[in-house]
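# Analysis of the macromolecular model
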Amino acid sequence: MSRFGLTVSVWAELEQKQQAELLRRPGTSMPGPEATLSTAVSAILARVRSGGDEALAQLTQEFDGVLPHSLAVSAENLLQARQAIAARLLGAIEEASGRIREFHVADLPRERTIETAKGLTCTVTYLPQSVVGLYVPGGSAPLVSTVLMLAIPARLAGCSQIVLCSPPWPNGRIATEVLAAASLCKVDRVFCVGGAQAIAAMAYGTATVPRCNKIFGPGNAWVTEAKQQVAQDPQGAAVDMPAGPSEVMVIADAQAGADGGIDFIAWDLLAQAEHGADSQVVLLTDCCELATAVIARLDDLAPTLPRAAILEKSLSAARIVLISNMDVALDIANAYAPEHLILNTRNARALASRVQHAGSVFIGRWTPESLGDYCSGPNHVLPTYGFARSHGALGVGDFMRRMTLQEASAEALQSVGPVAELLAETEGLDAHRMAVSVRLACLASLEALA
């Protein structure tokens, strides 16, 4: 019997309703007869809107159990943090930054102009968002990588002001490593506040925290709910995507367990499960022996890790599923739409070409998801909770606004104007038609006089 209650579920033996229940994400409801996450977050947003900085301090005391040493982090403190971290860590951050920057430079949107008719030019151009807010979760781990993944593309996009919020540690300060990374990435303003209250501060502004046009970054269910609520509020802020609790789906065939491969799979699952109690990890395999071996390895390894208490909760939502073949595995993966999808199979690259819904895909046994978290190059801010069906990985373009420009010559108007007239007439929009017709009549008169 697994110490975490893990069992192997045979997919083919489950009814459709049971299959859906098996892969249901961990719920986000709060205890109490009518208390829900949505109403709790709504109350936090309202408190920050009315109470400003004072409400931020009170909420930080309530949720983090500490008052921030200072809400705003000074430029001097940022520089001191950069100087305080070990040279080896600083070098690793710089090396990772280089690869992340290289990938995102290649992903920069480019202005394009085409001529759709003789004399009619249409241009698409990209303008940076002005003030952007970055949310970096914290409290239990200094998420240096998240700073890099958010601030580097924001800087490449040319955003005029980059604001960063992160929760305090027990000493009332943001982790030194996070501050050092913010300094390296030239973040403009840093504030010691976390959770839904940080999202509220960036969305609506306070006396100290600037109001941001768009908010980026992952977080727990509270942060995700806050982002969704401010995005729906006309007075709030746009957001990048629903990026909540971390999740991974691993597809492994029988050969994946050879040559120490059971450990590969177990560590890949634990790497995501250790993010938080609400994380979810799923293994799909066509090999029963591999499935049971992975469960045994999880039982052995999890209690030895520093985050064993978190793992005990998150592994209770882990799923080990026996499938008949890789076609079934891909069908499940595309329906589940995982944040991270690891293909540890014999024909991983061919399988990857058939993936339709996933935040990021990791191909082959030598590509752990941890590379993507830290230093391979692509962004690790990805859609979760199935939103990979409609959202993609964060990129430089998310920090920009697309704008189009159009210019028609007199000849172009004469050529394409009648099309606009007829379509406007069909739609019953007379003013639309006349805006074209009066110009065409003017051109006709000028030609008659020539």
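Residues numbered from 1 in each chain as written. Predicted model: local features only at pLDDT ≥ 70, side-chain atom pairs only at ≥ 80, totals over all residues. Heavy atoms only, no water.

For the rest of this paragraph, the subject is the pattern of salt bridges. Applying the stated rule across the entire model yields 12 salt bridges. The closest approach of N and O atoms between Asp188 and Arg155, which form a salt bridge, is 3.4 Å. Of this pair, Asp188 sits in the loop between helix 6 (176-184) and strand 7 (189-192) while Arg155 sits in helix 5 (residues 144-157), and the two are 33 residues apart along the sequence. Connected through shared salt-bridge partners, Asp263, Arg297 and Asp300 make up one network. (Salt bridge = Lys/Arg side-chain N within 4 Å of Asp/Glu carboxyl O. Helix = DSSP H or I, 4+ residues; strand = E, 2+ residues; numbered from the N terminus.)

With that settled, consider the packing of aromatic side chains. Here a ring pair, both rings aromatic, is described through the centre-centre distance and the interplanar angle of the planes. Summed over the entire model, instances satisfying the criterion amount to 3 aromatic pairs. Ring centres of Phe216 and Phe399 lie 3.8 Å apart, and the angle between their planes is 15 degrees; on these two criteria the pair is classed as stacked. Of the two residues, Phe216 is situated in strand 8 (residues 214-216) and Phe399 in the loop between helix 14 (369-374) and strand 15 (400-408); the sequence distance between them amounts to 183 residues. Considered together, Phe216 and Phe399 belong to a single accessibility category, that of buried residues. (Phe/Tyr/Trp six-rings, centres within 6.5 Å; stacked < 30°, edge-to-face > 60°. Buried < 20%, exposed > 50% of the residue type's maximum accessible area, 1.4 Å probe, protein only.)

With that out of the way, let us pick up unusual backbone geometry. With glycine set apart, most residues show a phi of negative sign, and most peptide bonds adopt trans. Its identity is not glycine, yet Lys186 carries a phi of approximately 60 degrees, on the positive side. With respect to the element layout, Lys186 can be found in the loop between helix 6 and strand 7. At Tyr385, a position not held by glycine, the phi torsion is positive, near 55 degrees. Within the secondary structure layout, Tyr385 lies in the loop between helix 14 and strand 15.

Below, the discussion takes up the sheet that holds strand 3 (residues 112-117). Read from one edge to the other, the open sheet built from 3 strands follows the order 3-4-15, with strand pairing classed as antiparallel. Each of the sheet's edge strands pairs with one partner strand only, and the pair in question is strand 3 and strand 15. Sheet twist, expressed as the mean angle between neighbouring strand axes with direction ignored, is 25 degrees. Direction of pairing for strand 3 relative to strand 4 (residues 120-128): antiparallel, over a ladder of 5 bridges. Paired with Thr113 across the two strands is Thr123, which belongs to strand 4. (Pairing = 2+ DSSP bridges. Axes fitted to C-alpha atoms, helices over the stretch in contact; angles between N-to-C directions.)

This part is about the layout of surface pockets. Approximately 290 Å³ is the volume found for the second largest pocket. Surrounding the second largest pocket, 17 residues form its lining, Val73, Asn77, Arg173, Ile174 and Leu179 being those nearest its centre. If you list the elements that add at least two residues to the lining of the second largest pocket, you get strand 2 (72-73), helix 3 (75-84) and helix 6. At 3 residues, the largest contribution of residues to the lining of the second largest pocket is made by helix 3. Of the residues contributing to the lining of the second largest pocket, the split by class is 8 nonpolar, 8 polar and 1 charged. (1 Å grid on protein atoms, 1.4 Å probe; cavity = no way out; pocket = protein on both sides within 12 Å on 5 of 7 lines; lining within 4 Å. Points joined across faces, edges and corners; volume = space filled by probe spheres on them. Nonpolar A, V, L, I, M, F, W, Y, C, P; charged D, E, K, R; others polar.)

If you look at the biggest cluster of nonpolar residues, it comprises 42 residues, and the most contacted ones within it are Val132, Leu134, Leu148, Leu164, Val187, Val190 and Phe399. Where this core is concerned, the elements lending two or more residues are helix 3, helix 4 (87-106), strand 5 (131-135), helix 5, strand 6 (161-166), helix 6 and strand 7. A total of 9 residues in this core trace back to one element, the largest contributor, which is helix 5. If near-sequence neighbours (up to four positions away) are discounted, Leu148 is found in contact with Ile93, Ala96, Ser97, Ile100, Pro153, Ala181 and Cys185. (Core = buried A, V, L, I, M, F, W, Y, C linked by side-chain atoms within 4.5 Å. Contact = heavy atoms within 4.5 Å.)

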